[in-house]
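Listed here are the chains, written in short residue letters.
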Amino acid sequence: MRGHGQGRGTVGELGEFGLIRELTSRLTTTPAVRVGPGDDAAVLSAPDRRVVASTDVLIEGRHFRRDWSTAYDVGRKSAAQNLADIAAMGAVPTALLLGLVVPADLLVTWPAELMDGLRDECQVAGAAVVGGDVVRGDAITLAITALGDMQGHEPVTRAGARPGDVVAVTGWLGWSAAGHAVLARGFRSPRAFVEAHRRPEPPYQAGPAAAGLGATSMTDVSDGLLADLGHVAEAGKVRIDIRTAALDVPGQMADIGKAVGVDPLQWVLTGGEDHAIVATFPPHVKLPARWRVVGEVQAPSAAAQVTVDGEPWRGAAGWDHFGG
Ligand SMILES: Nc1ncnc2c1ncn2[C@@H]1O[C@H](COP(=O)(O)OP(=O)(O)O)[C@@H](O)[C@H]1O
Ligand SMILES: Cc1ncc(C[n+]2csc(CCOP(=O)(O)OP(=O)(O)O)c2C)c(N)n1
Ligand SMILES: [Mg+2]
């Protein structure tokens, strides 16, 4: 797969159609793809007849830095962010489309390796890159659209949590934020956390599995557990209480916290980008071991909609692009 564009210079030298050829030549396909890249549009089969769709924009400096992450890692991460949204509806991801803005003086190897990362993360989730667009611009920008299929499950929205439900999480919490804290201070280790920031591992299969188990609401944690549960509480008109004793703060994360002067619980509660999946389930549901019960859904009250050990959380609940 590799090698086509290596040493071929810049995007500007290659030209629009050379770049598209370079990018699409790296892709793999799946049986769901009836018409892949190269035509006016892609055609996908949709066995369930309900297509799940989500889009996210990522820009250099705000979502990733080229001195922190390789192009391949940016590809893995930006695909993961979008595919996790599909899984969090209870669906199986099928396809990804990439709108790509790059400056003309960028080496071709960067978008080429980005595409390798997108392709490989799609493969993890069972999907394929089926199309996109390339445009010249000043700042590297990715606009990614992910599609999925419900495969017979009912969509699990953010709105269905009911008082008495348990709140359960699967996947990592706080690892990406701890890695970000390390990178932001100019360090490159501990590697496990830096790698978690560069390349999150969303538990894709848990999304459809949760739908099958009878989850009443579900979302992926992109902005932070408290922030994303805030959307669930608001949509369901309920209160959610998180028990910190149920959360895992690994020893090494606590060490980083000490070194940089941050309470590691803050990373676990408000750090985004690990793309864990958090869902609410009726209390009688027997949850497989991968789910950790971290709180419960309560009747609405005048107090904050998401509480931590019964108290309002003081401070930011998570990432906000327009926050202070
Ligand atoms: N510019 C927009 N136009 C229409 N809908 C939007 C826009 N921005 C966000 N939304 C919708 O608002 C909801 C929340 O968005 P967001 O917080 O980005 O979700 P996520 O974390 O799942 O990416 C999503 O359903 C998204 O489609
Ligand atoms: C250079 C850099 N600075 C800061 C961050 C942290 N960060 C950027 S976006 C984000 C939250 C998730 O992104 P968003 O665009 O809100 O995704 P969505 O919730 O729409 O899926 C976080 C924690 C980062 N990943 N890289
Ligand atoms: Mg979004």
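Starting afresh in each chain, residues are numbered from 1 along the sequence in its written order. Throughout, the order in which chains and ligands are written sets their labels, letters from A for the former and numbers from 1 for the latter. This being a predicted model, a pLDDT of at least 70 is required before a residue's local features are given, and a value of 80 or more before pairs of side-chain atoms are given or counted; all residues contribute to the totals for chains, interfaces and linings. Computation of side-chain values: all heavy atoms of the structure, hydrogens and water removed.

Here we look at the overall build of the protein chain
The test is simple: Only DSSP runs of H or I covering at least 4 residues are called helices, and only runs of E covering at least 2 are called strands; the numbering of each starts at the N terminus. The atom set for the radius of gyration is the C-alpha atoms, and the globule formula is 2.2 Å times the number of residues raised to the power 0.38. Think of it in three bands: with a 1.4 Å probe and only protein chains considered, a residue is buried below 20% of the maximum accessible area for its type, exposed above 50%, and partly exposed in between.
If you tally the helices and strands in the protein chain, you get 10 helices and 13 strands. Over its C-alpha trace the protein chain gives a radius of gyration of 20 Å, about what one expects of a compact globule, namely 20 Å for 324 residues. Summarising its shape, the C-alpha atoms of the protein chain cover approximately 60 × 50 × 35 Å along the three principal directions. Within the protein chain, buried positions represent 53% of all 324 residues.

Here's the deal with the UniProt feature "binding site: Mg(2+) 1" (unreviewed entry) in the protein chain
Defined as follows: UniProt positions are given in the numbering used here, feature names are shortened, and annotations may be inferred rather than shown by experiment. Distance and chemistry together define a polar contact, namely a pair of N or O atoms within 3.5 Å, with one atom able to donate a hydrogen and the other to accept it when in protein, and with adjacent residues in sequence counting only for side-chain atoms on both sides.
Under the present numbering, the feature "binding site: Mg(2+) 1" (unreviewed entry) in UniProt falls on T55, D56 and D133. Topologically, T55 is positioned in strand β3 (residues 51–59). At 2.8 Å, the side chain of T55 forms a polar contact with the backbone oxygen of I144. Residue D133 is classed as partly exposed on the basis of its relative accessible area of 44%.

Thoughts on the side chain of T10
Worth spelling out the cut-off: The criterion used for residue contact is that any of the two residues' heavy atoms lie within 4.5 Å.
Examined against the element boundaries, T10 turns out to sit in the segment before α1 (11–14). The contacts of T10, once residues within four sequence positions are left out, are A104, D105, L106, L107 and V108.

Let's talk about the nonpolar core
Here is the rule we go by: We define a nonpolar core as any set of buried Ala, Val, Leu, Ile, Met, Phe, Trp, Tyr and Cys residues linked to one another through side-chain atoms lying within 4.5 Å. Reported domain spans reflect what an automatic or database domain assignment gives.
Grouped together as the largest cluster of nonpolar side chains are 52 residues, with contacts concentrated most on L96, L114, L118, L142, F281 and W291. Examining the composition of this core, we find that seven residues originate from one element, helix α3 (residues 71–87), more than from any other. Formed jointly, this core draws a minimum of three residues from each of two domains, domain 1 (11–149) and domain 2 (166–312). L118 has contacts with G75, R76, S78, A79, L96, L98, V129 and I144, leaving out every residue within four places of it along the chain. V260, V262, V278 and V297 belong to the second largest nonpolar core, which has 38 residues in total.

With respect to the site of ligand 2
Put simply, the rule is: We call a residue near a molecule or strand when any one of its heavy atoms sits within 4 Å of it. Areas reported as accessible are Shrake-Rupley estimates using a 1.4 Å probe. Residue values count occlusion only from the protein chains shown. When residue character is reported, Ala, Val, Leu, Ile, Met, Phe, Trp, Tyr, Cys and Pro are called nonpolar, Asp, Glu, Lys and Arg charged, and the others, Gly included, polar.
Close contacts around ligand 2 come from 16 residues, with D56, H63, S222, E273 and H321 the closest. Between an oxygen atom of ligand 2 and a side-chain N or O atom of D56, the distance comes to 2.9 Å. Contacts to ligand 2 include H321, whose side-chain N or O atom sits 2.7 Å from an oxygen atom. Calculation on ligand 2 without its partners gives an accessible area of 600 Å², and the protein chains cover 87% of this total. In terms of residue class, the shell around ligand 2 is made up of three nonpolar, seven polar and six charged.

A closer look at the sheet that holds strand β10 (residues 277–281)
Short version of the rule: Whether two strands pair comes down to DSSP finding at least two bridges between them.
Spatially, the seven strands line up as an open sheet ordered β8-β10-β7-β11-β9-β12-β13, and their pairing is mixed. A strand with exactly one partner marks an edge of an open sheet, and here the two such strands are β8 (217–220) and β13 (311–312). Sheet analysis places β8 next to β10, joined by four bridges and oriented antiparallel. Counted as the bridge partner of T219 is V278 from β10.

A word on the packing of helix α2 (residues 16–24) against helix α4 (residues 109–125)
Helix-helix packing: each pair is described by the crossing angle between the helix axes and the interaxial distance. Which entries qualify depends on this criterion: An axis is simply a line fitted to the C-alpha atoms; with a helix, the fit covers only the stretch in contact. Between two such axes, the angle follows the N-to-C directions and lies from 0 to 180 degrees. The hand of a helix crossing depends on one turn: near helix anticlockwise from the far one by less than a right angle means left-handed, and clockwise means right-handed.
For the pair α2 and α4, interaxial distance at closest approach is 9 Å and the crossing angle is 35 degrees. Seen from above, α2 lies across α4 with right-handed handedness. Facing α2, whose interface residues are L19, E22 and L23, α4 presents P111, A112 and M115.

Brief notes about the site of ligand 1
Every residue lining ligand 1 is accounted for by D56, D85, R158 and S222. Contacts to ligand 1 include D85, whose side-chain N or O atom sits 2.9 Å from an oxygen atom. Between ligand 1 and the protein, one listed contact pairs an oxygen atom with a side-chain N or O atom of R158 at 3.2 Å. Considering ligand 1 on its own, with 560 Å² of exposed area, one finds that the protein chains cover 29% of that surface. The residue makeup of the shell around ligand 1, split by class, is no nonpolar, one polar and three charged.

Things to note about the domain arrangement of the protein chain
In many reports, interface size means the accessible area that the parts give up when they come together. To keep it simple, the criterion reads: What gets called buried area is simply the loss in accessible area from a 1.4 Å probe that two parts show on being joined, summed for both. Throughout this description, the term salt bridge denotes a Lys or Arg side-chain nitrogen within 4 Å of a carboxyl oxygen of Asp or Glu.
Per the domain assignment, the segments of the protein chain are domain 1 (11–149) and domain 2 (166–312). In this complex, domain 1 contributes 22 residues to the contact, which on the side of domain 2 involves 21 residues. Interface area, domain 1 with domain 2, both sides summed: about 1,800 Å², of which 58% is carbon and sulfur. The interface formed by domain 1 and domain 2 includes two salt bridges.

What to know about the packing of aromatic side chains
The criterion, for reference: Any pair of Phe, Tyr and Trp rings, taking the six-membered ring for Trp, is counted once the centres come within 6.5 Å. Such a pair is stacked with planes under 30 degrees apart, edge-to-face with planes over 60 apart, and tilted for the rest.
Summed over the entire model, instances satisfying the criterion amount to four aromatic pairs. With a centroid separation of 6.0 Å and 25 degrees between ring planes, the pair formed by F64 and W110 is classed as stacked. Of this pair, F64 sits in the loop between β3 and α3 while W110 sits in helix α4; the two residues are 46 residues apart in sequence, bridging distant segments of the chain. Each member of the pair, F64 together with W110, is buried. A network of ring pairs unites the aromatic residues W172, W175 and F193 as a single cluster.

A word on the environment of Q305
Within the secondary structure, Q305 is located in the loop between β11 (292–298) and β12 (306–308). With a relative accessible area of 33%, Q305 lands in the partly exposed category. Aside from chain neighbours lying at most four places away, what touches Q305 is G230, A233, E234, V238, R239 and I240.

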